[in-house]
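Structural description and commentary
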Amino acid sequence: MPAHVAELVRACWELGARPSLVGLRLRKWAHMLGFGGHFSSKSRRYSTTLGALRRARVTYAIRRRRGDALPLDAWGRPEDDQAVIAMASWSYLGSGYQTTGEAWLAASAAARAREARRIAKEELRTTTMAA
């Protein structure tokens, strides 16, 4: 470990012992100083990727819910089967509201949201003045 990093770790360890700084938990994280990455991506050769960890977590959660049975998709096929390709297309249909009722609902929802924000700001102001 470089001397600079060792000095940082030593300083964190000493500061972490002070009662006024215990809440910062400096001692708990002192060992991470000088490390330039995420704990799970230190090295591609000796570690794994975050994507692989996420896939493993999802697989574990599915198997825990369903037991050791083979997970099936919505059509009853094995989930790892790559037979389904999802295709989507978007088209512009227009802007604005189609009816006056939709416009009224949107306007009333916006008014309720504005009123709720105004009340929250007022309560926050009175609470902080009282404290």
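Owing to the predicted nature of the structure, the values given are computational and were not obtained by experimental measurement.

The rules behind the values
- Throughout this document, residue positions are counted from 1 along each chain, in the order its sequence is written.
- pLDDT decides what is reported in this predicted model: residues at 70 or higher carry local features, side-chain atom pairs at 80 or more are listed and counted, and totals for whole chains, interfaces and linings draw on all residues regardless.
- Side-chain numbers come from the whole structure's heavy atoms, not from hydrogens or water.
- Patch definition: residues with relative accessible area over 30% and no salt bridge; like charges joined within 9 Å; nonpolar side chains (Val, Leu, Ile, Met, Phe, Trp, Tyr) joined within 5 Å.
- Note on areas: Shrake-Rupley with a 1.4 Å probe; residue coverage comes only from the protein chains shown.
- A carboxyl oxygen of Asp or Glu within 4 Å of a side-chain nitrogen of Lys or Arg is what we treat as a salt bridge.
- When charges are counted, neither His nor the chain ends are considered; positive counts come from Lys and Arg and negative counts from Asp and Glu.
- Here the site of a charge means NZ on Lys, CZ on Arg, CG on Asp, or CD on Glu.
- Secondary structure counts use DSSP, requiring at least four H or I residues in a row for a helix and at least two E residues in a row for a strand, with both numbered from the N terminus.
- The buried label applies to any residue whose accessible area, calculated with a 1.4 Å probe on protein chains only, is under 20% of its type's maximum; exposed applies above 50%, and partly exposed to all values in between.

Take a positive patch on the surface next. A contiguous patch of positive charge on the surface is contributed by Arg 114, Arg 117, Lys 121 and Arg 125. As for its placement among the helices and strands, Arg 125 is situated in helix 4 (residues 100-130). With relative accessibility at 49%, the residue Arg 125 sits in the partly exposed group.

With that out of the way, let us pick up a nonpolar patch on the surface. A grouping of Trp 29, Met 32 and Phe 35 is seen on the molecular surface, where their side chains present a nonpolar patch of about 280 Å² in accessible area. In this structure, Trp 29 sits in helix 2 (residues 26-29). When its relative accessible area of 45% is taken as the criterion, Trp 29 is described as partly exposed.

Phi is positive for Arg 25, close to 55°, though the residue is something other than glycine. Structurally, Arg 25 is set in the loop between helix 1 (3-16) and helix 2.

A side chain of one charge can pair with a side chain of the opposite charge if their charged atoms are brought near each other. This structure, assessed with the given rule, holds four salt bridges. A salt bridge links Arg 118 to Glu 115, with the shortest nitrogen-to-oxygen separation between them at 2.5 Å. Here Glu 115 and Arg 118 lie together in helix 4, a separation of three residues that amounts to about one turn. Owing to a relative accessible area of 42%, Arg 118 belongs among the partly exposed residues under this scheme. Residue classification places Glu 115 among the partly exposed residues on the basis of a relative accessible area of 36%. Between Glu 122 and Arg 118 there is a salt bridge, with the nearest N and O atoms lying 3.1 Å from each other. Linking Glu 122 with Arg 118, this pair stays in helix 4, spanning four residues, or about one helical turn. Residue classification places Glu 122 among the partly exposed residues on the basis of a relative accessible area of 40%.

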